[in-house]
Amino acid sequence: QLSACVETSNLYSRDITAVTPRCNPVLFIVSLNNDDDDGRGGADFNQARLPANEDNLRTFTFNHPGAAKVFIGEPVLVRGGTSAVGKGANKRVRAYSVNAAGAPGRAFGFNQVYNTPVTFVMEGTHVSGGRNDFGFEYDYRNAQDQHICGPGAQGTVVDARGTISVEKGHGTNFSVNRKLLIDSTVSATSTWAPAGFNPTWQYDGTSTIATPNALNTTFTSQQTLTPVANKDAHHLAARVTDSGMSIDVHTPLNITAPVHAEAPPAWQTRPVRTVTTPWLNANPGNISLFSSRIVYELQDQFHEDIKDSAWENHEVQIQENIGLVLTSPIPAVNAWMGANLNWTRPWVNKPNARINDNLNALQIPNNIIVVNNAGRLSFVPGLQAVGGVLMNLGGGTHQWEASVDGALPTVVTRNTFTVATSATRPRGGGIEIPLTSPSAVVTP
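Definitions and limits used
- Residues numbered from 1 in each chain as written.
- Predicted model: local features only at pLDDT ≥ 70, side-chain atom pairs only at ≥ 80, totals over all residues.
- Heavy atoms only, no water.
- Helix = DSSP H or I, 4+ residues; strand = E, 2+ residues; numbered from the N terminus.
- Rg over C-alpha atoms; globule rule 2.2 N^0.38 Å.
- Buried < 20%, exposed > 50% of the residue type's maximum accessible area, 1.4 Å probe, protein only.
- 1 Å grid on protein atoms, 1.4 Å probe; cavity = no way out; pocket = protein on both sides within 12 Å on 5 of 7 lines; lining within 4 Å.
- Points joined across faces, edges and corners; volume = space filled by probe spheres on them.
- Nonpolar A, V, L, I, M, F, W, Y, C, P; charged D, E, K, R; others polar.
- Patch = residues over 30% accessible without salt bridge, like charges linked within 9 Å, V, L, I, M, F, W, Y side chains within 5 Å.
- Areas by Shrake-Rupley, 256 points an atom, 1.4 Å probe, with all protein chains shown as cover.
- Salt bridge = Lys/Arg side-chain N within 4 Å of Asp/Glu carboxyl O.
- Disulfide = S-S within 2.5 Å.
- Pairing = 2+ DSSP bridges.
- Axes fitted to C-alpha atoms, helices over the stretch in contact; angles between N-to-C directions.
- Polar contact = N/O pair within 3.5 Å; in protein donor to acceptor, adjacent residues only side chain to side chain.
- Contact = heavy atoms within 4.5 Å.
- Phe/Tyr/Trp six-rings, centres within 6.5 Å; stacked < 30°, edge-to-face > 60°.

(A) Focus on the overall build of the protein. Within the protein, the secondary structure is distributed over four helices and 39 strands. Relative to its length of 444 residues, the protein is extended, with a C-alpha radius of gyration of 34 Å against a globular reference of 22 Å. The C-alpha extent of the protein, read off along each of the three principal axes, is 120 × 50 × 30 Å. Split into buried and exposed, the 444 residues of the protein put 46% on the buried side.

Structure follows, in structure tokens:
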């Protein structure tokens, strides 16, 4: 159940399927071009020229195998016989010629004879008062200008509108990027005029549509992400089909989840780093190994910030595994890490869609790596040779995971590090060592 705090945005309308009149009576539908494909504000049919991405156009192609020419008459209203071309209450459509690439150009000239094939596109400028309330004549002719056939065509301008309502939450309003997190439920509406058109709701991806054969429905995204190659290509649509052609109201709808983590630019440029301590001795004191902070931006499958999706009523969450994999061959070090390690598990909400990875090993008491042999202090045997390990990840990696409320957990980092003796030198009857900590940031 959606709350009152929702964002409602309009769906776009479009025509689907071309018309190829032959020697048969033609009934057709064309959409009212009242959406705003180019975002300039206002209905597209009021623009001085059609937007480059205009899709509220019904294509007519005249091409008969036995004809060399075709006469195409001007569309007129069935009642009264006056011209239906133009804008206004007593008009219905405008038509445009097309260039070699199929793009609309100048106004199409009616009441003329054309060599076949010939194509024009038609946009609706005023909704029909009823079914088939305007039409035009066409007449296929042979090379000698003799009549072959041409029973005429009648059409209906359909005013198709729709909305989608998405609950506001963290992230970005749906209308900005048309992205929605997994497991989200939204409501969608449609209206159709003149009466009698019954739509079917559909989605190109995986989803649940509650009432697919109703004017209004609810849509629930499942846990299948929109493939990267299909960005903005999967649409939620309410579609009507009449006489073999369709009109729908639709919106691109990309299903997303946090599946990537973007490291800061400095770490992308130099993902492998090494920190080495000064020379250390076994005298009582504290040692500091390293300190760094990496802030990752959580991203979707398109490598775009997950906060650019609509989160609806969900939370993006993170957790890490460091406490499960961090280990030491030195029992005292294991005990100390178990008591002092701060880590993130289980899932925690991240409204800012970031991972703040604070990597600090500071002020560690060195008595956990020192032994006392009859009053003589020395490092534990395992650290007295180059390559001796203080701590590592036990052959694993430091993994951060991201999810949506715990669903679809995905590993977004596989970082590595180890701390080991990198040199030795004698000093005062014992040895001194530096500890080196090589690390690597790996974001799959």
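Additional details are given in the paragraphs that follow.
(B) Layout of the layout of surface pockets. Looking at the largest pocket, its volume works out to about 790 Å³. Forming the boundary of the largest pocket are 35 residues, of which Phe-290, Asn-358, Leu-359, Asn-360 and Ala-361 lie nearest the centre. When residues of the lining of the largest pocket are traced back to their parent elements, those giving at least two are β24 (272–276), β26 (290–299), α4 (331–340), β29 (354–361), β36 (416–421) and β39 (435–440). Residues of the lining of the largest pocket, tallied by class, amount to 19 nonpolar, 13 polar and three charged.

(C) Representation of a nonpolar patch on the surface in the model. The grouping of Leu-324, Leu-341 and Trp-343 at the surface amounts to a nonpolar patch, some 270 Å² of accessible area in total. Structurally, Leu-324 can be placed in helix α3 (residues 322–325).

(D) Highlighting the state of the cysteines. With the rule as written, the count across this model stands at one disulfide. For Cys-23, the disulfide goes to Cys-149, at an S-S distance of 1.7 Å. Sign of the S-S torsion, about -65° for the bond between Cys-23 and Cys-149, identifies this disulfide as left-handed. In this pair, Cys-23 is assigned in the loop between β2 (12–16) and β3 (26–31) and Cys-149 in strand β13 (residues 147–149), connecting sequence segments 126 residues apart. A relative accessible area of 40% places Cys-23 in the partly exposed class.

(E) View of the sheet that holds β13. Pairing in this open sheet of four strands is antiparallel, and the strands run β9-β5-β12-β13 from one edge to the other. Here the strands that pair on one side only, and so sit at the sheet edges, are β9 (112–115) and β13. Shown here is a sheet whose adjacent strand axes are inclined to one another by a mean of 35°, direction ignored. Note: strand β12 (residues 138–141) against β13, two bridges, orientation antiparallel. Bridged to Arg-141 within β13 is His-147.

(F) Main features of the side chain of Asp-248. Tracing the backbone shows Asp-248 in strand β21 (residues 245–252). For Asp-248, the side chain forms a polar contact with the side chain of Arg-239, separated by 2.9 Å. Here His-250 takes part through its side chain, which lies 3.2 Å from a polar atom of the side chain of Asp-248. If near-sequence neighbours (up to four positions away) are discounted, Asp-248 is found in contact with Tyr-12, Ser-13, Arg-14, Ile-16, Trp-192, Ala-237, Ala-238 and Arg-239.

(G) Quick peek at the packing of aromatic side chains. A complete count under the given rule lists 17 aromatic pairs for this structure. Between the aromatic rings of Phe-28 and Phe-134, the centroid separation amounts to 5.6 Å while the plane-to-plane angle is 85°, which identifies the pairing as edge-to-face. Taken together, the residues span a long stretch of sequence, with Phe-28 in strand β3 and Phe-134 in strand β11 (residues 134–136) at a distance of 106 residues. Of the two residues, Phe-28 and Phe-134, both sit in the buried class. Arranged with centres 5.9 Å apart and planes meeting at 25°, the rings of Phe-62 and Phe-120 form a pair that is stacked. Of this pair, Phe-62 sits in strand β4 (residues 58–62) while Phe-120 sits in strand β10 (residues 118–124), and the two are 58 residues apart along the sequence. With respect to burial, Phe-62 and Phe-120 carry one shared label: buried. Put simply, the rings of Phe-28, Phe-60, Phe-62, Phe-108, Phe-110, Tyr-114, Phe-120, Phe-134, Phe-136, Tyr-138 and Tyr-140 touch in pairs and so form one group of aromatic residues.

(H) Highlighting the sheet that holds β4. Here we have four strands laid out as an open sheet, ordered β4-β10-β7-β8, and antiparallel in their pairing. Single-partner strands in this sheet number two, and they are β4 and β8 (104–107). The sheet shows a mean angle of 40° between the axes of neighbouring strands, direction not considered. In terms of strand pairing, strand β7 (residues 93–98) meets β8 through two bridges, oriented antiparallel. Its bridge partner lying in β8, Tyr-96 is registered against Ala-107.

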